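Survey of secondary and tertiary structure
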Amino acid sequence: MCRQSTRYQDRQQCKWRVSVLESFFKTKSQGSSVRRDILAGIATFLAAMYIIVVNPTIMNAAGIPFASALTATVLVSFFGSLMMGLYARNPILVAPGMGINALFTYTMVVGAGIPWQTALGCIFWAGVLFAVLAVLNVRRYIIDAIPAQLRYAISCGIGLFITVIGLVNAGFLVSNPATVVGLGEMTPTLVTFLIGLAITAVLVARNMPGALIIGIVTTTLMATAIGRLWGDASAFSPTGSATLVNFSGIFALPDFSAVGQLDLIGALNIAYWPFIFVVLFTTFFDALSTFMGVCQAGKLLDRNGEPRNIRQSMMVDAMSAIISGPLGTSPANAYVESAAGISQGGRSGLVAVTAALLFLPFLFLSPLLSLVPSIATAPALIMVGVFMLDPIRHINWYEFDDAIPAFIAMILIPLTYSITHGVVFGFLAFVVVKAGVGKRHEIHPTMWILAALSLLLLFQE
């Protein structure tokens, strides 16, 4: 009787917790559920968790200790995603951005010789300026200026970008001196990825709930055989191990040695202003482009057709960028991999909160990341690319002054491996083509400013 009573009480407490979460995040009114959004948060985290190891590797090349950069990556991802879920109420993960971390390391520190402490100071001031732009609602003028055709193209371009990331992570696409890119060698690793992709694709086509998570887990289980029962992953594994799925321990203490090491005064030297501008421009447009693309594909739009809660979301991105420098890493921004959870039906801020909570344990459990290889998350990224191409049908391909700028933005995002580069070339193409065919009246005044800033950014790099 006691046990039955206890079980009844447990069920009631569980229902109460679900009710509280549903009431706070309003999952039902957004066409989702607490369970679905939690699963979506897990899918988003699994698709983006590579950043916990990849970002510290890039930061380490700038002189920041790997362990400290890992700690900073986890903390920024936790706080940024948590703020996105609780304040902006959007299902979008925030973490140190790929591309901007390379700019920090290879352009600012290695290329220009800026001390990493000073470079972190530049990151901080760029974040402050980002926050000012967010408070002044500058994004309103920018969104109003960007034509719908370019918005659709940016969404599709991000989808193609995610697909390319997945194919590269799986070793399906490799560098080829003769053809720039080529097909990877048909190794056991690649075969395992292809089987995992086939399973994931079938599950998605059958509308299986949690298809992406099931695909990730299934591919990981299959990958445990590589190097143990068949094949050799040494050429593919970042550690050179013959096995792809490796257990390297459970606990690792966090390192806070880079926290607070930024040089705020030194970063204000006039010689570093161009770098602050480049970081500001890149983070601002990465954030805006990601929100537009992901929300457009996921139909997370308000009554005006704009990305939902965009002002709050941009403010969260700005605050995440501000705290990145003091914690010891490059700026954080919204992640395109958020589409992994959104495509699984995630709609509320609970998705971001779930992903945030999954980051936090890796302050102490980072070695466990080695259990999920990149070939396991690659099928999910490719499926996300499929989902995000839906807006392509809204592009007016019969009017070339609309189609050409849209195509340039869409194709250059994956080919340059940069959302920002695709967007700025799309802006430039739109202004040039529209002006060239005598349709200057279709160019919003702000677009001329955006085109000028795009040129300035390109020549600063």
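Going along each chain's sequence as written, the residues are numbered from 1 onward. Side-chain atom pairs in this predicted model are given and counted only at pLDDT of 80 or more, local residue features only at pLDDT of at least 70, and totals for whole chains, interfaces and linings cover all residues. Working from all heavy atoms in the structure, the side-chain values ignore hydrogens and water.

A few words now on the side chain of Thr354. Mapped onto the secondary structure, Thr354 falls in helix α14 (residues 350-359). Exposed residues in this analysis have more than 50% of their type's maximum accessible area, buried residues have under 20%, and partly exposed residues fall in between, with area computed by a 1.4 Å probe over protein chains only. On the basis of relative accessibility, which here comes to 11%, the residue Thr354 falls in the buried class. In what follows, a contact means two residues having at least one pair of non-hydrogen atoms within 4.5 Å. When sequence neighbours within four positions are dropped, the list of residues in contact with Thr354 reads Asp37, Ile38, Gly41 and Ile42. A run of H or I in DSSP counts as a helix once it spans at least four residues, and a run of E counts as a strand once it spans at least two, with each numbered from the N terminus.

Moving on: the pairing of strand β2 (residues 173-176). Strand pairing is assigned whenever DSSP identifies at least 2 bridges connecting the two strands. Here 4 bridges tie β2 to strand β3 (residues 180-183), and the two strands are oriented antiparallel to one another. When the bridges of β3 are listed, Ser175 appears paired with Val181. Counting the residues between successive antiparallel strands, the hairpin from β2 to β3 contains 3 residues.

The term salt bridge refers to a pairing of a side-chain nitrogen on Lys or Arg with a carboxyl oxygen on Asp or Glu at a separation within 4 Å. Counting across every chain of the model gives 4 salt bridges. Lys439 is the salt-bridge partner of Asp401, the closest N and O atoms lying 3.0 Å from each other. In this pair, Asp401 is assigned in helix α17 (residues 400-415) and Lys439 in the loop between α18 (419-436) and α19 (445-460), connecting sequence segments 38 residues apart. In this structure, the salt-bridge partner of Lys434 is Asp402, at a minimum N-O distance of 2.9 Å. Remark: Asp402 occurs in helix α17 and Lys434 occurs in helix α18; sequence separation between them is 32 residues. Residue classification places Lys434 among the buried residues on the basis of a relative accessible area of 1%. Residue classification places Asp402 among the buried positions, given a relative accessible area of 17%. One salt-bridge network, held together by shared partners, links Asp401, Asp402, Lys434, Lys439 and Glu442.

Right, let's get into the environment of Gly215. Looking at where Gly215 falls in the secondary structure, it is placed in helix α10 (residues 211-223). Ignoring anything within four residues of it in the chain, the contact list for Gly215 reads Thr200, Leu203 and Ala376.

We now examine the packing of aromatic side chains. Two measures describe an aromatic ring pair: the distance that separates the ring centres and the angle between the ring planes. Each Phe, Tyr or Trp ring (for Trp, its six-membered ring) is paired with any other whose centre lies within 6.5 Å, and the angle between the two planes then decides the class: stacked below 30 degrees, edge-to-face above 60, tilted in between. By the definition in use, this model includes 8 aromatic pairs. Between Phe78 and Phe79 the ring centres are 5.1 Å apart and the planes differ by 65 degrees, which places this aromatic pair in the edge-to-face class. Overall, Phe79 belongs to the partly exposed group, its relative accessible area being 39%. Put simply, the rings of Phe45, Phe359 and Phe362 touch in pairs and so form one group of aromatic residues.

Take helix α4 (residues 66-88) next. Owing to its 3.6 residues per turn, the α-helix brings residues three or four apart onto one side. Take the number of residues in a helix, subtract one, and multiply by 1.5 Å to get its expected span. Helix length check: α4 (23 residues) gives 31 Å between terminal C-alpha atoms against 33 Å at 1.5 Å per residue, within 8%. Arg89 lies just past α4 and shows a positive phi near 60 degrees.

Let us look at the packing of helix α8 (residues 148-169) against helix α11 (residues 273-298). Running from amino to carboxyl end, α8 crosses α11 at an angle of 90 degrees, the nearest separation of the two axes being 8 Å. The angle between the axes of α8 and α11 places the two elements in the roughly perpendicular class. Only Ser289, Thr290, Met292, Gly293, Gln296 and Ala297 of α11 make contact with α8, whose side of the interface consists of Arg151, Tyr152, Ile154, Ser155 and Ile158. Split by residue class, the contact of α8 with α11 holds 5 nonpolar, 5 polar and 1 charged. The angle between two axes is taken between their N-to-C directions and runs from 0 to 180 degrees, where each axis is a line fitted to C-alpha atoms and a helix contributes only its stretch in contact. Should an angle fall under 35 degrees it is taken as roughly parallel, and over 145 as roughly antiparallel, whereas 65 to 115 is taken as roughly perpendicular and any remaining angle as oblique. The nonpolar class holds Ala, Val, Leu, Ile, Met, Phe, Trp, Tyr, Cys and Pro. Asp, Glu, Lys and Arg form the charged class, and all remaining residues, Gly among them, are polar.

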